[in-house]
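# Analysis of the macromolecular model
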Amino acid sequence: MSKSSKLPNEKRESSRIKDADGRRVLDDSSRRRRLSRYLEYLEKDNHNDDPQANLNIPSKRYLPFHDLEATSVSSKKKKKAKGHDNVQKRLRKNFAALLEENIQQNGDSDEPNYVTATAPPPKYPTRKFCHVCGFPSNYICVTCGAKYCSIKCLRIHQDTRCLKWTV
Amino acid sequence: MAIILDNGCYTCKVGFSNETRPRLMLNSIIKAKSERRTSFISNQINDCKDLSGIFYLLPLQKGFLIDWDLERQIWDYIFSKENLNLNVEFQEHNIVITEPHFNFTPVRKSMAEVVFEEFQFKGFYTTAASTLSSRSYLRERNRHYCVVIDSGFSFTHVVPYCHDRKLARAVRRIDVGGKLITNHMKDLISYRQLNVMDETYVVNQLKEGACFVSKDFFADMELAKNSDRKVSCKYVLPDFQNIKQGYIQDDKVESSLFSFDTYYIVKLKNERFTVPEVLFNPSYIGRINQIGISEAIVNALDATPREIQPLLYKNIILTGGNAKLPGFKERIFNDVRSITNADFDVQIFSPEDPVTYAWECGAKEVRDGALDNLFVSRKEYEEFGYNICRNRFF
Ligand SMILES: [Zn+2]
Ligand SMILES: [Zn+2]
């Protein structure tokens, strides 16, 4: 086989390399990806889909704050409408974009900010817990790197989340 | 008089400064599976009988106000006549609104715009919730140094104060809050027992009703192995028909459930305390590479001038929703006591209601005129624009 034909193959295999016994194993970078997927999951506001995603539904009626204005001076209304536009234009940014912008602005400045306030990593190596039952664990699944504590939990892990886990 | 709005990621605490307690309003627009034709703004959700599978739209992301389309609707509702008994035009009022530490300039700028240009308040002041807590705490006791722990929905902050200034270089943020704890619990129950991935509301209630902070993590682990009742329990989930609210099952009255056709019980073995443990060891279970609350307190105070450290250790204030977890205060005390210098006198103040404490402090500050010089008036804003806010709010 020529080198050029081998490359695409390697690429496809790259996330699941085989160990000495021929078992499939996740490499480091996909283990890290998996971990960050879990962190993304922990940040989510909802896990379900919006039950009204495709419908434009009015909210329940209430007497809004703005209606309390006794007079409806038209110039005031116009001004308000303009305010809406400005705010909308300025803030079409998500958290990641705002943080990126904030980091750029701070540049080399020595002012404390969101990033400098982040709690540092722990000094000591972390304890390990079985992800099946939650009790302290001494073993690591050779395939995916998940922690388990006993043969019983390893079996459950292999039947369920090992390599299938897609939160 | 002013309106105080502690604009939290999960709940808004809102009310007038002459009141003693705020109203708690959800800071979200909510859609329910059971009522497909309407969405609920904030506490309108109380009209909804079936809270299974509800969907939250939150204007704040990681504690920062990002979505003004949502927040405007929510504020419209919470400032509406049915909530705040406004007998004076709102243009007559000043407003204090909380913001996150190290708020981003565009977020703060649009806050000022909305407050002055749309809602047309008379004056505006913004600062972090923990700053309101520290100001009132110190002024009431005539002290000068304290450290506020604010553990909320999105994150946990450790913030040392000297007089009314925060020691910004010593502030520490842990990316663990109530949302992460609830999501982690959801994942564990769904994987180990019953699929509750869509049931944020239900699991949040379970967390508030059944979780606790362990005083001795590994001893409790041993107890949990044998399903010892001191740490393990069965929790009955609500079905919103017969059972409106979940609760810990008392073995003696188990039979009362048999009259229902179906009901769901989850067995909580170690989850009751391993899940909140993520606040103290984010790397254990949450897999976040950061130190926990207790170590962060010591780490933050290490970054303050040596001579004020003993005074800071004597004035540790616990606020935010997670401070309501049973055992939270004892655990922090034991941890800090054991990590830090034995000469320091560690004293912890835990307010009666850690959720509303910042609001109550804000109201007191306004009543006593302590914020009078800090408000930016609409006139000033119209004349000088955002610059005046930048100079006055710190
Ligand atoms: Zn196990
Ligand atoms: Zn595995």
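These lines cover the structure that appears in this document, whether it is placed above or below. None of these values were measured; they are calculated from a predicted model. (Residues numbered from 1 in each chain as written. Chains lettered and ligands numbered in written order. Predicted model: local features only at pLDDT ≥ 70, side-chain atom pairs only at ≥ 80, totals over all residues. Heavy atoms only, no water.)

The subject of this paragraph is the overall build of chain A. In terms of regular secondary structure, chain A is built from five helices and four strands. Helices and strands in chain A line up, N terminus first, as α-β-β-α-α-α-β-β-α. Looking at chain A as a whole, 31% of its 167 residues qualify as buried. Across chain A, the fraction of contacts at a sequence separation of at least 24, relative to all contacts at a separation of at least 6, is 28%. Total accessible area on chain A stands at roughly 11,500 Å², and carbon and sulfur atoms take up 51% of it. (Helix = DSSP H or I, 4+ residues; strand = E, 2+ residues; numbered from the N terminus. Buried < 20%, exposed > 50% of the residue type's maximum accessible area, 1.4 Å probe, protein only. Contact = heavy atoms within 4.5 Å. Areas by Shrake-Rupley, 256 points an atom, 1.4 Å probe, with all protein chains shown as cover.)

On to the coordination of the zinc ion (ligand 1), then. Residues and elements named next belong to chain A. On the protein side, the zinc ion (ligand 1) has Cys-130 (SG), Cys-133 (SG), Cys-149 (SG) and Cys-153 (SG) as donor atoms, found 2.3 Å from it. Relative to the metal, the four donor atoms surrounding the zinc ion (ligand 1) lie at angles of 100 to 119°, and the coordination shape comes out tetrahedral. Positions of the donor residues of the zinc ion (ligand 1) along the chain correspond to the pattern C-x2-C-x15-C-x3-C. Note on Cys-130: relative accessible area 1%, which makes it buried. (Donors = N, O, S within 2.8 Å, 3.2 Å for Na, K, Ca; no water. Tetrahedral: all angles 85-135°; square planar, octahedral: opposite > 155°, others 65-115°.)

Right, let's get into empty space enclosed by the protein. Residue and element names in this part refer to chain B. Enumeration according to the criterion identifies five cavities of 30 Å³ or more in this entry. Size it by volume and the largest cavity reaches roughly 120 Å³. Elements represented by at least two residues in the lining of the largest cavity include exactly helix 4 (178–192) and helix 5 (200–210). Sorting elements by how many residues they give to the lining of the largest cavity places helix 4 first, with three residues. (1 Å grid on protein atoms, 1.4 Å probe; cavity = no way out; pocket = protein on both sides within 12 Å on 5 of 7 lines; lining within 4 Å. Points joined across faces, edges and corners; volume = space filled by probe spheres on them.)

We now examine the packing of helix 2 (residues 28–43) of chain A against helix 4 of chain B. Where helix 2 of chain A meets helix 4 of chain B, the axes come as close as 8 Å, and the angle between the chain directions of the two elements is 115°. For the element pair helix 2 of chain A / helix 4 of chain B, the angle class is roughly perpendicular. For the pair helix 2 of chain A and helix 4 of chain B, the contacting residues are Tyr-38, Tyr-41, Leu-42 and Glu-43 of chain A in the first and Lys-179, Leu-180, Asn-183, His-184, Lys-186 and Asp-187 of chain B in the second. Considering only residue class, the contact of helix 2 of chain A with helix 4 of chain B consists of four nonpolar, two polar and four charged. (Axes fitted to C-alpha atoms, helices over the stretch in contact; angles between N-to-C directions. Parallel < 35°, antiparallel > 145°, perpendicular 65-115°, else oblique. Nonpolar A, V, L, I, M, F, W, Y, C, P; charged D, E, K, R; others polar.)

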